[in-house]
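Observations on the model geometry
As a plain string of letters, each chain reads:
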Amino acid sequence: MKRAGRICSEILSLLKNTVKADMSTKALADLAAKEIKARGAKPAFLGYKDFPDVICISVNEEVVHGIPGKRLVQAGDIVSFDLGIAYEGMIVDSALSVIVDLKDKNKLRLLNATEQSLYKGIDRLRDGCRVGDIGNAVEKVLRKSNLGIIRDLVGHGVGHKVHEDPNIPNYGVSGTGPSLRAGMTVAIEPMATLGSEQVYIDSDGWTVKTADGSASAHFEQTVLITDNGYEILTPFN
Ligand code: MG
Ligand code: MG
């Protein structure tokens, strides 16, 4: 999973540094496909529940599970890349959001707080911690920043499969929920919006969108719980 994690973060940072106005999301996905292949890895999302591409790319009001296509990204757009990598039989899952060119103050606030909430959540990981500890830490940051918290989608165990138990919500009460143990690997993934917490699934059957059309952000890391704390397996460069 460490090796898979390195590949995943290399490709996400390449996408982050490559995305610019007038690129189609399909062109970005094709770049990801090429880079995955060049590293001898496999795209974990391709064919997962019949998902049609190697990566989810979601723009602005699209929260997650966006299907790459003809849409051209524009200056000021928030683009979220969510990538699952399978390598030597093990899987990691990671995501990040970027703003293309023009930096809007509100959108920057959204991205910064969502990323910060991810690390606050991760920081609660240790042998014997409870799932509610993580959600509580994530929720506190998002609430303080007045952001909508997506509750219909959750973090999860990961490793042998893309999604494993337990579910890890981005809200919760400390000291409640399943216990996590050293040796477990989990994907922590806050999703937040500048408006509504309500989402719906687009007619394409995949793309999750905010009900009020507000912009959203998504950050995710795969993390190993160790005897002494944790190790992030998909660290951003
Ligand atoms: Mg993901
Ligand atoms: Mg995930």
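Shown above is the structure to which this text applies.
Since the structure is predicted, the reported quantities are computational estimates derived from the model, not experimental observations.

**Details of the side chain of Glu-220**
With respect to the secondary-structure elements, Glu-220 resides in the loop between β13 (216–218) and β14 (221–225). For Glu-220, which is buried and forms no salt bridge, the nearest opposite charge comes from Lys-49, at a distance of 13 Å. At 3.5 Å, the side chain of Glu-220 and the side chain of His-156 are in polar contact. For Glu-220, the residues in contact, after removing those within four places along its chain, are Asp-82, Asp-93, Ser-94, Ala-95, Leu-118, His-156, Ala-187, Ile-188, Glu-189 and Phe-236.

**Some details on the coordination of the magnesium ion (ligand 1)**
Every protein donor of the magnesium ion (ligand 1) is listed here as Asp-82 (OD), Asp-82 (OD), Asp-93 (OD) and Glu-220 (OE), and their distances to the metal cover 2.0 to 2.6 Å. Mapped onto the sequence, the donors of the magnesium ion (ligand 1) take the spacing D-x10-D-x126-E. Separation of the magnesium ion (ligand 1) from the magnesium ion (ligand 2) amounts to 3.2 Å, with Asp-93 serving as a shared donor to the pair. Taken together, the positions of Asp-82 in strand β4 (residues 78–87) and Glu-220 in the loop between β13 and β14 put the pair 138 residues apart, joining distant regions of the chain. Taken individually, Asp-82 and Glu-220 each receive the classification buried, so the pair is uniform in this respect.

**Focus on the pattern of salt bridges**
A full pass over the atoms with the stated rule returns 11 salt bridges. The shortest N-O distance in the salt bridge between Arg-71 and Glu-62 comes to 3.0 Å. In this structure Arg-71 comes out as partly exposed when scored by relative accessible area, which is 33%. The class for Glu-62 is buried, based on a relative accessible area of 11%. In this structure, a network of salt bridges that share partners links the residues Glu-10, Glu-35 and Arg-39.

**Quick look at helix α3 (residues 105–122)**
Residues spaced three or four apart along an α-helix point in a common direction, a consequence of the helix completing one turn every 3.6 residues. Between its first and last C-alpha atoms α3 spans 26 Å; for 18 residues at 1.5 Å apiece the expected length is 26 Å, and the two agree. Listed in full, the buried residues belonging to α3 are Lys-107, Leu-110, Leu-111, Ala-113, Thr-114, Ser-117, Leu-118, Gly-121 and Ile-122.

**Some remarks on the pairing of strand β8 (residues 164–168)**
Bridge count between strand β7 (residues 155–157) and β8: three bridges; the pairing is antiparallel. Residue pairing in the sheet places Gly-157 in a bridge with Glu-164 of β8. Counting the residues between successive antiparallel strands, the hairpin from β7 to β8 contains six residues, one of them, Gly-159, with a positive phi of roughly 150 degrees.

**A look at the environment of Ala-21**
Note that Ala-21 resides in the loop between α1 (2–18) and α2 (25–38). Those residues in contact with Ala-21, other than ones at most four positions away along the chain, are Val-73, Gln-74, Ala-75, Val-100 and Asp-101.

**A few points about the nonpolar core**
Grouped together as the largest cluster of nonpolar side chains are 52 residues, with contacts concentrated most on Ile-55, Phe-81, Ile-85 and Leu-125. Broken down by element, the residue count for this core peaks at six residues, all from α1. With residues up to four places along the chain from it excluded, the contact list for Ile-85 reads Ala-4, Ile-7, Cys-8, Ile-11, Ile-36, Ala-41, Lys-42, Ala-44, Met-90, Ile-91 and Val-92. Membership of the second largest hydrophobic core comes to nine residues, among which are Ala-44, Ile-91, Val-158 and Ala-187.

**Quick notes on unusual backbone geometry**
Glycine aside, residues mostly have negative phi angles, and peptide bonds mostly take the trans form. Residues Asp-165 and Pro-166 are joined by a peptide bond in cis, for which omega reads -5 degrees. Note on placement: Pro-166 falls in strand β8. Although it is not a glycine, Asp-50 adopts a positive phi angle of roughly 70 degrees. Its identity as a non-glycine residue notwithstanding, Asn-60 has a phi of 55 degrees, on the positive side. Here Asn-60 shows up in the loop between β2 (55–59) and β3 (62–64).

Cut-offs applied
Residues numbered from 1 in each chain as written. Chains lettered and ligands numbered in written order. Predicted model: local features only at pLDDT ≥ 70, side-chain atom pairs only at ≥ 80, totals over all residues. Heavy atoms only, no water. Helix = DSSP H or I, 4+ residues; strand = E, 2+ residues; numbered from the N terminus. Buried < 20%, exposed > 50% of the residue type's maximum accessible area, 1.4 Å probe, protein only. Lys, Arg positive; Asp, Glu negative; His and termini not counted. Salt bridge = Lys/Arg side-chain N within 4 Å of Asp/Glu carboxyl O. Polar contact = N/O pair within 3.5 Å; in protein donor to acceptor, adjacent residues only side chain to side chain. Contact = heavy atoms within 4.5 Å. Donors = N, O, S within 2.8 Å, 3.2 Å for Na, K, Ca; no water. Expected span 1.5 Å × (residues − 1). Pairing = 2+ DSSP bridges. Core = buried A, V, L, I, M, F, W, Y, C linked by side-chain atoms within 4.5 Å.

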